[in-house]
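# Architecture and fold: a report
Residues per chain are reported as follows:
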Amino acid sequence: MPRILLTGAGGGIGTRLRQMLPAIYPKLRLSDLVAPPDLGGNEHFMAADLADAAQTDAICKDIDGIIHLGGYSVEGPWQPILQSNIIGAHNLFESARRQGVNRVIFASSNHAVGFYPRHHRIGNDVQPRPDGRYGVSKVFGEALGSLYADKYGLKVTCLRIGNFGDQPIDQRRLSIWLHPDDLVQLIRIGLEHPAIHFEVLYGASNNERSWWDNHRAHDLGYRPQHRAEDYRDHALAEQAKLPADQVADFYQGGSFCAMEYAGDGSRIWS
Ligand code: 15L
């Protein structure tokens, strides 16, 4: 029975996975900067600051597989992203190597490729086009995963997560939505599939409007159970309440692309 570490256990995705994973992986260790306030007596929690290598060593001890959600999860200032997502991701992979962890799932993001236009369908082999400092940190994490797979033999799966939740919340999310059940399916592939060496998969449900070619996930057995179009009317009604934005509406990364945007706007019409 594999011993699994879930970092970022107090975040939005982590909180949901805390409910879903124990049935599949009973030996689950949770970690975050501070314990979730509703921590149950049957849950195993270890606090850790990812920027501190001694602390990441401690949480990785006696672990077979890591689901690494921990870190700064949106666009923001450089310093916290540097500490949590750059230094923190390096510490995590390094501790995984030192402690003999076998597999790592790295929670990457659609924002690693957010500056691809929406009309451009992309696979998992395109050049990165991050849409902010957060996106750059996700590109860095994917690069670390590749290095630790090739050089040190870790089995690494990077999930470029779209938008996680029970339903798509606007038009953009109809293309990138990821239902919790489908994320669990992808996690199981990363932690259990015998063919994993280094993979980049898109964390997306069965979305008719997807901008991503996720055939590699399909080849590994991924069969998403949830359809974004089932929520189309609600998502489009929510979209109608939002102001139009030429940059955000053109690029896959949406509002992350529009933040601080001072680029060549003529590219949008070319
Ligand atoms: C992400 O990577 C963020 O963590 C999440 O909060 C959403 O903003 C999501 O991307 C998205 O693009 O909708």
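First, a word on what this report is: a plain description of the structure on this page.

All right, on to the pattern of salt bridges then. This structure, assessed with the given rule, holds 20 salt bridges. Note that Arg 3 and Asp 64 form a salt bridge whose closest N and O atoms lie 3.0 Å from each other. In this pair, Arg 3 sits in the segment before strand 1 (4-7) while Asp 64 sits in the loop between helix 2 (53-60) and strand 4 (65-68), placing the two residues 61 residues apart along the sequence. Among the salt bridges present, the one from Glu 238 reaches Lys 241, with a minimum N-O distance of 2.8 Å. Salt bridges linked by common partners bring Asp 57, Glu 94, Arg 97 and Arg 98 together as one network.

Our next topic: the environment of Ala 51. You can see Ala 51 is positioned in the loop between strand 3 (44-47) and helix 2. Along the primary structure Ala 51 and Arg 129 are separated by 78 residues, whereas in three dimensions their C-alpha atoms are 26 Å apart. Sequence-distant contacts of Ala 51, defined by excluding residues within four places in its chain, comprise Gln 83, Ile 87, Gly 88 and Asn 91.

This paragraph deals with the environment of Asp 32. With respect to the element layout, Asp 32 can be found in strand 2 (residues 28-32). Remark: the alpha-carbon pair of Asp 32 and Phe 45, spanning 13 residues in sequence, is separated by 8.2 Å. In contact with Asp 32, not counting residues within four places along its chain, are Gly 8, Ala 9, Gly 10, Gly 11, Phe 45, Met 46, Ala 47 and Ala 48. At a separation of 2.8 Å, a polar atom in the side chain of Asp 32 contacts the main-chain amide nitrogen of Gly 10.

Looking now at the site of the ligand. Close to the ligand lie Ser 73, Val 74, Ser 109, Asn 110, His 111, Tyr 134, Gly 162, Asn 163, Arg 172, Arg 173, Ile 176 and Phe 256. Between the ligand and Ser 73 there is a distance of 2.5 Å, counted from an oxygen atom to a backbone nitrogen or oxygen. In the model, an oxygen atom of the ligand is placed 2.7 Å from a nitrogen or oxygen of the His 111 side chain. Against a free-state accessible area of 320 Å², the protein chains account for coverage of 78% of the ligand. At three residues, helix 5 (residues 171-176) tops the list of elements feeding residues into the shell around the ligand. In the shell around the ligand, the residues fall into four nonpolar, six polar and two charged.

The subject of this paragraph is the layout of surface pockets. The gaps of empty space that remain are located by a probe, the size of a water molecule, rolled over the atoms. If you add up the space inside the second largest pocket, you get close to 260 Å³. In terms of lining residues, the second largest pocket is bounded by Arg 121, Tyr 202, Ala 204, Ser 205, Asn 206, Asn 207, Ser 210, Trp 212, Asn 214, His 218, Tyr 222 and Pro 224. Classifying every residue of the lining of the second largest pocket by side-chain character gives five nonpolar, six polar and one charged.

Our focus in this paragraph is the nonpolar core. One finds Leu 6, Leu 17, Ile 67 and Leu 159 to be the most contacted residues of the largest nonpolar core, which totals 29 residues. Contributions of two or more residues to this core are made by strand 1, helix 1 (12-20), strand 2, strand 5 (103-109), strand 6 (155-161) and helix 6 (180-192). With six residues, helix 6 is the single largest residue contributor to this core. With 20 residues, the next largest nonpolar core counts Val 104, Tyr 148, Ala 149 and Leu 154 among its residues.

It is worth spelling out helix 6 at this point. Compared with the 18 Å implied by 1.5 Å per residue over 13 residues, the 18 Å span of helix 6 between its first and last C-alpha is a close match. Every buried residue of helix 6 is accounted for by Pro 180, Asp 182, Leu 183, Val 184, Leu 186, Ile 187, Ile 189, Gly 190 and Leu 191.

Over its 20 residues, helix 4 (residues 133-152) extends 27 Å from the first C-alpha to the last, a length consistent with the 28 Å expected when each residue adds 1.5 Å. Regarding helix 4, the residues found buried are Tyr 134, Gly 135, Ser 137, Lys 138, Gly 141, Glu 142, Leu 144, Gly 145, Tyr 148 and Ala 149. Just past helix 4, the residue Gly 153 takes up positive phi, approximately 80 degrees.

We now examine the sheet that holds strand 1. Strands sit in the order 3-2-1-4-5-6-9 across an open sheet of seven strands; the sheet is parallel. The outermost strands of the open sheet, each flanked by one partner alone, are strand 3 and strand 9 (198-203). Each adjacent strand pair in this sheet contributes to an overall mean axis angle of 20 degrees, direction not counted. Running at roughly 155 degrees to strand 5, helix 4 makes contact with strand 5, strand 6 and strand 9 of the sheet.

The rules we used
- Residues numbered from 1 in each chain as written.
- Predicted model: local features only at pLDDT ≥ 70, side-chain atom pairs only at ≥ 80, totals over all residues.
- Heavy atoms only, no water.
- Salt bridge = Lys/Arg side-chain N within 4 Å of Asp/Glu carboxyl O.
- Helix = DSSP H or I, 4+ residues; strand = E, 2+ residues; numbered from the N terminus.
- Contact = heavy atoms within 4.5 Å.
- Polar contact = N/O pair within 3.5 Å; in protein donor to acceptor, adjacent residues only side chain to side chain.
- Near = heavy atom within 4 Å.
- Areas by Shrake-Rupley, 256 points an atom, 1.4 Å probe, with all protein chains shown as cover.
- Nonpolar A, V, L, I, M, F, W, Y, C, P; charged D, E, K, R; others polar.
- 1 Å grid on protein atoms, 1.4 Å probe; cavity = no way out; pocket = protein on both sides within 12 Å on 5 of 7 lines; lining within 4 Å.
- Points joined across faces, edges and corners; volume = space filled by probe spheres on them.
- Core = buried A, V, L, I, M, F, W, Y, C linked by side-chain atoms within 4.5 Å.
- Buried < 20%, exposed > 50% of the residue type's maximum accessible area, 1.4 Å probe, protein only.
- Expected span 1.5 Å × (residues − 1).
- Pairing = 2+ DSSP bridges.
- Axes fitted to C-alpha atoms, helices over the stretch in contact; angles between N-to-C directions.

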